[in-house]
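Residues per chain are reported as follows:
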Amino acid sequence: IACVLSGLPESIIAAACARSGQSVLHVDSRSYYGGNWASFSFSGLLSWIKENQQKTDISDEREDWGKLILENEEAISLSKKDRTIQHVEDFCFVEQDSAEDVEEAGALSKLPVFGASGAEGVAQEPEKEGPPAESVLPEVESQEPEKARGPEPASAGEGNDAEITSENDIACSTASGEATLESGKTEAAPSETSAQEPKKITYSHVVREGRRFNIDLVSKLLYSRGLLIDLLIKSNVSRYAEFKNVTRILAFREGKVEQVPCSRADVFNSKQLTMVEKRMLMKFLTFCLDYEQHPDEYEDYQNSTFAQFLGTRKLTPSLQHFILHSIAMVSEADSSTLEGLQATKKFLQCLGRYGNTPFLFPLYGQGEIPQCFCRLCAVFGGIYCLRHSVQCLVVERESGRCKAIVDHFGQRISAKYFIVEDSYLSESTCKDACYKQISRAVLITDQSVLNTDSEQQVSVLTVPPVDPAKPAVCVIELCSSTMTCMKDTYLVHLTCPSTATAREDLEPVVQKLFNLNAEKETENEELDKPRVLWAVYFNMRDSSRIERNSYNGLPPNVYVCSGPDPALGNDCAVKQAETIFREMFPEEEFCPPAPNPEDIIYDEDEIVPEESGFSNSAETKPESSAEEDGSGGGSAVKKEDNEE
């Protein structure tokens with residue numbers, strides 16, 4: 001299997017293939033894992049911004065590799081330029097006090113480090129000049145060294161064994177403690193004090209603390225009963241990551257941000273709702289949990305929008321607003337009644353599994369998830385090459401199947417199946433594809449959109465559009481305990497389907513929620529709003545709805561993965577990965593549990609007596625022990641020499 005690019009779908013497919021015993025080569029022209037699913041430190045994001053603002057076409061290198069194509073073969077050129085990111089604009093709203101000479105604290109160059117998943121990698125200097133170097137690592141390479149993760153284990157040299165220890169399958173930290181996805185046990189966790197006076201934050205301060213930031217290109221959450229959580233637990237990949245509960249769901253109504261009661265306890269403790277409204281809300285939510293059993297109550301409205309259906313349910317305007325925008329989170333203009341009921345039911349089913357909201361967020365950012373699956377692939381023999389571009393696909397004319405790829409070194413690499421991310425396909429291959437766009441904004445702010453006694457809040461807010469024909473904007477606000485921003489700041493992600501440039505789509509919402517003035521001496525209304533310290537806007541290609549027949553001339557054994565979709569969850573990527581895997585290997589299980597060291601059974605014949613002078617180093621065969629693996633519970637994981 002040859003995978004080109006290391007986004008989430010490709011990483012899941014690579015892990016599933018390696019786990020089923022296939023040989024996997026995973027290459028990526030970028031110097032970091034994840035593609036458009038990646039996370040960056042602040043300096044890394046500035047380098048990414050500069051790269052996408054100064055794109056230049058690369059000349060065709062056909063003369064160099066054309067001689068590798070035989071007479072009975074033809075080549076399908078791949079794109080030399082990433083066209084998935086457009087209209088990148090960044091702004092600084094604080095004092096820029098000679099930040100050019102300031103470096104990120106703790107910056108290291110070319111030293112082994114441990115990434116979020118515990119994997120050993122090589123730290124890379126941003127914008128380092130010189131020819132690209134091939135990187136073949138047995139495990140995941142961290143794109144940013146020492147991502148401000150607190151005390152790290154002692155570094156070992158390249159190629160040495162790394163040990164990862166994880167007590168839980170998925171550790172899920174709440175505002176008051178840590179909980180385990182499987183066991184639900186809770187342990188005390190330190191909380192940050194909020195009694196300190198706010199500090200004046202300058203641009204140089206942000207740059208100096210840049211490694212405290214882990215900024216996602218794509219903003220998503222994990223539904224606690226979603227496909228990705230189920231896959232993380234089933235495959236045992238959960239041992240490589242930790243998660244934090246989203247602590248509150250917010251709503252924007254009549255110019256104010258307020259908290260939405262969604263669990264039973266929240267509803268009855270709410271001071272926003274009258275007793276009558278509480279009964280109305282509980283009655284409707286109870287109906288949504290088993291709406292399939294009562295078709296007579298909604299079948300007359302199947303051709304109506306969900307907003308119109310809510311108007312018939314004797315709900316007050318405030319309850320209709322909460323359900324439509326903060327619980328179902330569907331479009332007021334386009335979503336049908338069935339879509340709204342399904343979304344509401346999904347929300348309610350996910351409540352209470354790990355906290356009072358349905359969502360989890362991975363510590364250190366969404367970019368950790370692709371790296372976790374890359375690590376599983378590497379443990380089972382996958383080979384990873386970063387900064388390694390692919391020039392073309394080699395297709396046999398008679399059979400029409402792809403036989404090999406040609407890389408930028410002029411090497412011809414043969415494989416049976418090829419996984420390619422949409423962004424690598426040339427314009428001629430994609431000329432019939434009608435792409436949509438996603439508008440994205442990332443803000444660094446000095447306070448939360450809704451201040452409470454606790455500063456460590458992870459919030460989700462849906463801002464409805466002024467024009468019902470336009471999409472709502474999803475806002476995710478992250479605090480410093482998510483390990484995505486420095487102390488005394490918040491990281492805010494805004495996302496919506498594009499109707500114009502990202503700035504035109506999202507800046508009106510930013511102006512409603514935040515103060516964009518550099519100085520505090522503004523109107524009283526602006527003083528109450530959080531102040532934006534820095535912001536970036538960009539548009540990202542949405543290829544999630546492109547059908548395979550829209551790509552011209554692709555061989556049947558070449559599978560195309562899409563980039564990120566605009567949905568809040570990750571179901572699209574997981575479904576796509578499983579579909580492609582089952583087309584290639586219909587008889588194989590998709591991502592079976594990886595064995596724990598204590599579950600591995602050694603044959604007696606493989607154990608050599610000590611008196612023979614040889615050490616007892618029986619070879620570990622993970623594939624053969626899958627049947628013995630039971631629950632797949634998390635524990636200490638030690639990488640064996642042979643697994644490299």
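Treat the numbers as computed from the prediction; the structure is a model and nothing was measured.

Undergrad: Whenever I open this one, the overall build of the protein chain confuses me. Can you help?
TA: In terms of helices and strands, the protein chain carries 14 helices and 30 strands. A buried classification covers 55% of the 644 residues belonging to the protein chain. Looking at the protein chain as shown, the accessible area adds up to about 28,500 Å², and 46% of this sits on carbon and sulfur atoms.

Undergrad: What is the right way to look at the nonpolar core in this model?
TA: Looking at soluble globular proteins, one finds that nonpolar side chains tend to be buried together. Of all hydrophobic cores here, the largest spans 70 residues; its most connected members are Phe-42, Leu-45, Trp-48, Phe-284, Phe-306 and Phe-359. In terms of residue count, the dominant contributor to this core is helix H7 (residues 275-289) (six residues). Once you skip the residues sitting within four places of it in the chain, Phe-359 turns out to touch Leu-221, Leu-222, Tyr-223, Lys-244, Asn-245, Val-246, Ile-249, Met-329, Phe-347, Val-460 and Leu-568. Of all hydrophobic cores here, the second largest spans 51 residues; its members include Ile-12, Ala-16, Ile-229 and Ile-233.

Undergrad: I keep staring at the sheet that holds strand S26 (residues 473-478) and nothing clicks. Help me out?
TA: One key point about sheets: their strands pair by backbone hydrogen bonds, in either a parallel or an antiparallel sense. Reading across from one edge, S5-S28-S24-S27-S26-S25-S16-S17 is the order of the eight strands in this open sheet, with mixed pairing throughout. Only two strands of the sheet have a single neighbouring strand rather than two, namely strand S5 (85-92) and strand S17 (256-259). The mean angle between the axes of side-by-side strands here comes to 20 degrees, regardless of whether they run parallel or antiparallel. Across the sheet, helix H2 (residues 42-53) is in contact with S5, strand S24 (436-445) and strand S28 (532-542); its angle to S5 comes to roughly 130 degrees. Taken strand by strand, helix H12 (residues 502-513) contacts S5, strand S16 (248-253), S17, S24, strand S25 (459-463), S26, strand S27 (490-497) and S28, and its axis lies near 145 degrees from that of S28.

Undergrad: For this particular structure, what's the right way to read the packing of helix H9 (residues 317-327) against helix H10 (residues 337-350)?
TA: Describing two packed helices takes the angle between their axes plus the distance from one axis to the other. Where H9 meets H10, the axes come as close as 10 Å, and the angle between the chain directions of the two elements is 75 degrees. Classified by the interaxial angle, the pair formed by H9 and H10 is roughly perpendicular. On H10, the residues touching Ile-323, Ser-326 and Ile-327 of H9 are Ala-343, Thr-344 and Phe-347. Of the residues assigned to the contact of H9 with H10, the class counts are four nonpolar, two polar and no charged.

Undergrad: What's the story with the sheet that holds strand S20 (residues 390-396) in this structure? I'm lost.
TA: Taken in spatial order, the four strands of this open sheet run S4-S20-S21-S22, and their pairing is antiparallel. Of all the strands in the sheet, the pair left with one neighbour each is strand S4 (73-77) and strand S22 (412-414). Mean inter-strand twist for the sheet, computed between neighbouring axes without regard to direction, equals 30 degrees. One ladder, built from three bridges, connects strand S21 (residues 402-407) with S22; its direction is antiparallel. When the bridges of S22 are listed, Ile-405 appears paired with Ile-413.

Undergrad: Sorry, what's going on with the pairing of S28 here?
TA: The element S28 is largely enclosed, with a buried count of eleven among its eleven residues. Alignment of S5 against S28, held across six bridges, turns out to be antiparallel. By the bridge assignment for S28, Glu-89 is matched with Tyr-537. Pairing of S24 with S28 involves ten bridges; the strand directions are antiparallel. Paired with Ala-441 across the two strands is Tyr-537, which belongs to S28.

Undergrad: Even after reading the chapter, I still don't get the packing of aromatic side chains, so can you show me in this structure?
TA: One pair of aromatic rings is described through two measures. These are the centre distance and the angle between the planes. For the coordinates displayed, the defined rule picks out 19 aromatic pairs. Between the aromatic rings of Phe-40 and Trp-48, the centroid separation amounts to 6.4 Å while the plane-to-plane angle is 35 degrees, which identifies the pairing as tilted. Seen from their ring centres, Phe-284 and Phe-287 are 6.1 Å apart, and the 50 degrees between their planes marks the pair as tilted. Of this pair, Phe-284 and Phe-287 both sit in helix H7, three residues apart, roughly one helical turn. Clustering of aromatic rings is evident, with ring pairs tying together Tyr-417, Tyr-559, Phe-581, Phe-585 and Phe-590. Sitting above the plane of the Phe-287 ring, Arg-313 keeps its charged end 4.5 Å from the centroid. One residue, Lys-346, lies across the ring of Tyr-223, its end atom 4.1 Å from the ring centre.

Undergrad: Which parts of the structure should I look at to understand H9?
TA: The periodicity of an α-helix, 3.6 residues per turn, causes residues three or four positions apart to be oriented the same way. The element H9 is extensively covered by neighbouring structure, given that nine of its eleven residues are classed as buried. Inspection of H9 places Ser-318, Leu-319, His-321, Phe-322, Ile-323, Leu-324, His-325, Ser-326 and Ile-327 among the buried residues, and these make up the whole buried set. In this structure, the buried residues of H9 make contact with S16, S17, H7, helix H8 (306-310), H10 and S25.

Undergrad: It is not clear to me how the side chain of Asp-407 should be interpreted in this structure. Could you clarify?
TA: As for its placement among the helices and strands, Asp-407 is situated in strand S21. For Asp-407, which is buried and forms no salt bridge, the nearest opposite charge comes from Arg-412, at a distance of 11 Å. Engagement of the side chain of Asp-407 in a polar contact is seen with the side chain of Gln-411, the distance being 2.7 Å. Among residues more than four places away in sequence, those in contact with Asp-407 are His-388, Ser-389, Val-390, Gln-391 and Ile-413.

Undergrad: Explanation requested: the pairing of strand S23 (residues 418-421) in the structure shown.
TA: On a regular strand, each side chain points to the face opposite its neighbour's, so the side chains alternate between the two faces of the sheet. Of the two faces of S23, both are covered, the one formed by Phe-418 and Val-420 as well as the one formed by Ile-419 and Glu-421. Bridging between strand S1 (residues 2-4) and S23 involves three bridges; their strand directions are parallel. Bridge pairing in S23 places Ala-2 opposite Phe-418. Of the pairings in the sheet, the one linking S23 to strand S29 (residues 558-561) comprises four bridges and is parallel in character. Each bridged residue has a counterpart across the sheet, and for Glu-421 the counterpart in S29 is Cys-561.

Basis of the calculations
- Every residue gets a number counted from 1 within its own chain, in the order that chain's sequence is written.
- The model is predicted, so local features are restricted to residues of pLDDT at least 70 and side-chain atom pairs to those at 80 or more, both for listing and for counting; the totals for chains, interfaces and linings are taken over all residues.
- Excluded from the side-chain calculations are hydrogens and water; all other atoms, namely the structure's heavy atoms, are used.
- Runs of E in the DSSP output that reach at least two residues are strands. Runs of H or I that reach at least four are helices, and both are numbered from the N terminus.
- Note on classification: 1.4 Å probe, protein chains only; a residue is buried when its accessible area is under 20% of the maximum for its type, exposed when over 50%, partly exposed between these limits.
- Computed with a 1.4 Å probe, the accessible areas rest on the Shrake-Rupley method; for each residue, only the protein chains presented here act as cover.
- Definition used in this section: a nonpolar core is a set of buried Ala, Val, Leu, Ile, Met, Phe, Trp, Tyr and Cys residues joined via side-chain atoms within 4.5 Å.
- Here a residue-residue contact requires only that any non-hydrogen atoms of the pair lie within 4.5 Å.
- Being paired, for any two strands, means DSSP has found at least two bridges between them.
- The axes are straight lines fitted to the C-alpha atoms, using for helices just the contacting stretch, and the angles between their N-to-C directions are given from 0 to 180°.
- Orientation is classified from the angle alone, with under 35 degrees giving roughly parallel, over 145 giving roughly antiparallel, 65 to 115 giving roughly perpendicular, and any other angle giving oblique.
- Basically, the charged four are Asp, Glu, Lys and Arg, the nonpolar ten are Ala, Val, Leu, Ile, Met, Phe, Trp, Tyr, Cys and Pro, and anything else, Gly included, counts as polar.
- The pairing test for Phe, Tyr and Trp rings, Trp by its six-membered ring, is centres within 6.5 Å, and the orientation test on the planes gives stacked under 30 degrees, edge-to-face over 60, and tilted for anything in between.
- Throughout this description, the term charge over a ring refers to an Arg CZ or Lys NZ atom that lies within 6 Å of the ring centre and within 35 degrees of the ring normal.
- Under the convention used here, Asp and Glu are negative, Lys and Arg are positive, and both His and the chain ends fall outside the count.
- Take a side-chain nitrogen of Lys or Arg and a carboxyl oxygen of Asp or Glu: if they are within 4 Å of each other, that pair is a salt bridge.
- Under this definition, polar contacts are N or O atom pairs within 3.5 Å; protein pairs additionally need one hydrogen-donor-capable and one acceptor-capable atom, and for neighbouring residues in sequence, both atoms have to be side-chain atoms.

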